[in-house]
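# Survey of secondary and tertiary structure
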Amino acid sequence: MGKKGDIKQVDAIAKEFKMSDELRYDFGDFIEEEKRNGYGGTLNERGNFTYQELRQKAKEFLEDINDDS
(Lines give C-alpha, C1' and ligand atoms only; values in the text may rest on other atoms or scores of the structure.)
Protein backbone atom coordinates (compact mmCIF):
# COMPACT_ATOMS: atom_id res chain seq x y z
CA MET A 1 0.00 0.00 0.00
CA GLY A 2 1.30 3.47 -0.87
CA LYS A 3 1.61 6.49 1.34
CA LYS A 4 -1.53 8.35 2.30
CA GLY A 5 -2.19 11.54 0.36
CA ASP A 6 -1.68 13.83 3.33
CA ILE A 7 1.73 12.31 4.06
CA LYS A 8 2.71 12.73 0.42
CA GLN A 9 1.74 16.38 0.64
CA VAL A 10 3.80 16.92 3.79
CA ASP A 11 6.74 15.19 2.06
CA ALA A 12 6.32 17.43 -1.00
CA ILE A 13 6.17 20.57 1.14
CA ALA A 14 9.28 19.47 3.06
CA LYS A 15 11.12 18.95 -0.22
CA GLU A 16 9.93 22.31 -1.57
CA PHE A 17 11.23 24.05 1.56
CA LYS A 18 14.45 21.99 1.52
CA MET A 19 13.89 20.50 4.98
CA SER A 20 16.28 17.89 6.27
CA ASP A 21 14.83 14.49 7.18
CA GLU A 22 14.84 15.51 10.86
CA LEU A 23 13.02 18.78 10.15
CA ARG A 24 10.50 16.96 7.97
CA TYR A 25 9.56 14.66 10.85
CA ASP A 26 9.41 17.63 13.23
CA PHE A 27 7.18 19.42 10.71
CA GLY A 28 4.86 16.41 10.64
CA ASP A 29 4.67 16.50 14.44
CA PHE A 30 3.99 20.25 14.27
CA ILE A 31 1.09 19.68 11.86
CA GLU A 32 -0.44 17.01 14.10
CA GLU A 33 -0.07 19.27 17.14
CA GLU A 34 -1.75 22.13 15.29
CA LYS A 35 -4.72 19.86 14.54
CA ARG A 36 -4.88 18.63 18.16
CA ASN A 37 -4.88 22.22 19.41
CA GLY A 38 -7.79 23.14 17.17
CA TYR A 39 -5.78 24.95 14.50
CA GLY A 40 -6.72 22.48 11.78
CA GLY A 41 -7.24 23.21 8.16
CA THR A 42 -10.33 23.55 6.05
CA LEU A 43 -9.96 20.46 3.83
CA ASN A 44 -12.49 18.21 5.60
CA GLU A 45 -14.23 17.48 8.88
CA ARG A 46 -10.99 16.00 10.29
CA GLY A 47 -9.27 19.37 10.01
CA ASN A 48 -6.76 18.33 7.38
CA PHE A 49 -4.91 21.07 5.56
CA THR A 50 -5.08 22.05 1.92
CA TYR A 51 -1.76 22.19 0.07
CA GLN A 52 -1.72 25.99 0.34
CA GLU A 53 -2.46 25.79 4.07
CA LEU A 54 0.42 23.33 4.49
CA ARG A 55 2.73 25.73 2.67
CA GLN A 56 1.71 28.49 5.08
CA LYS A 57 2.22 26.16 8.06
CA ALA A 58 5.69 25.29 6.73
CA LYS A 59 6.58 28.99 6.69
CA GLU A 60 5.31 29.38 10.26
CA PHE A 61 7.18 26.25 11.38
CA LEU A 62 10.47 27.37 9.84
CA GLU A 63 10.10 30.88 11.27
CA ASP A 64 9.53 29.37 14.73
CA ILE A 65 12.60 27.14 14.32
CA ASN A 66 14.73 30.12 13.28
CA ASP A 67 13.40 32.25 16.15
CA ASP A 68 14.39 29.54 18.62
CA SER A 69 17.96 29.38 17.30
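Anything mentioned here points back to the structure above.
Residues numbered from 1 in each chain as written. Predicted model: local features only at pLDDT ≥ 70, side-chain atom pairs only at ≥ 80, totals over all residues. Heavy atoms only, no water.

Okay, the overall build of the chain next. Per the secondary structure count, the chain includes 3 helices and 0 strands. Reading the secondary structure of the chain in the N-to-C direction produces α-α-α. The C-alpha radius of gyration computed for the chain amounts to 12 Å, which stays within 12% of the reference 11 Å derived for 69 residues, consistent with globular compactness. In terms of overall dimensions, the chain has C-alpha extents of about 35 × 30 × 20 Å along its principal axes. When the 69 residues of the chain are sorted by exposure, 28% land in the buried category. (Helix = DSSP H or I, 4+ residues; strand = E, 2+ residues; numbered from the N terminus. Rg over C-alpha atoms; globule rule 2.2 N^0.38 Å. Buried < 20%, exposed > 50% of the residue type's maximum accessible area, 1.4 Å probe, protein only.)

Relative to the assigned elements, Arg24 resides in helix α2 (residues 21–36). On the basis of relative accessibility, which here comes to 14%, the residue Arg24 falls in the buried class. If near-sequence neighbours (up to four positions away) are discounted, Arg24 is found in contact with Ile7, Val10, Asp11, Ala14 and Met19. (Contact = heavy atoms within 4.5 Å.)

Counting residues in each nonpolar core, the largest one holds 12 residues, listed as Val10, Ile13, Ala14, Met19, Phe27, Phe30, Ile31, Phe49, Leu54, Ala58, Phe61 and Leu62. Here this core takes 4 residues from helix α3 (residues 51–68), the largest share from any one element. If sequence neighbours within four positions are ignored, Ala58 has contacts with Ile13, Phe17, Met19 and Phe27. (Core = buried A, V, L, I, M, F, W, Y, C linked by side-chain atoms within 4.5 Å.)

Read these as spatial facts, not as claims about activity.
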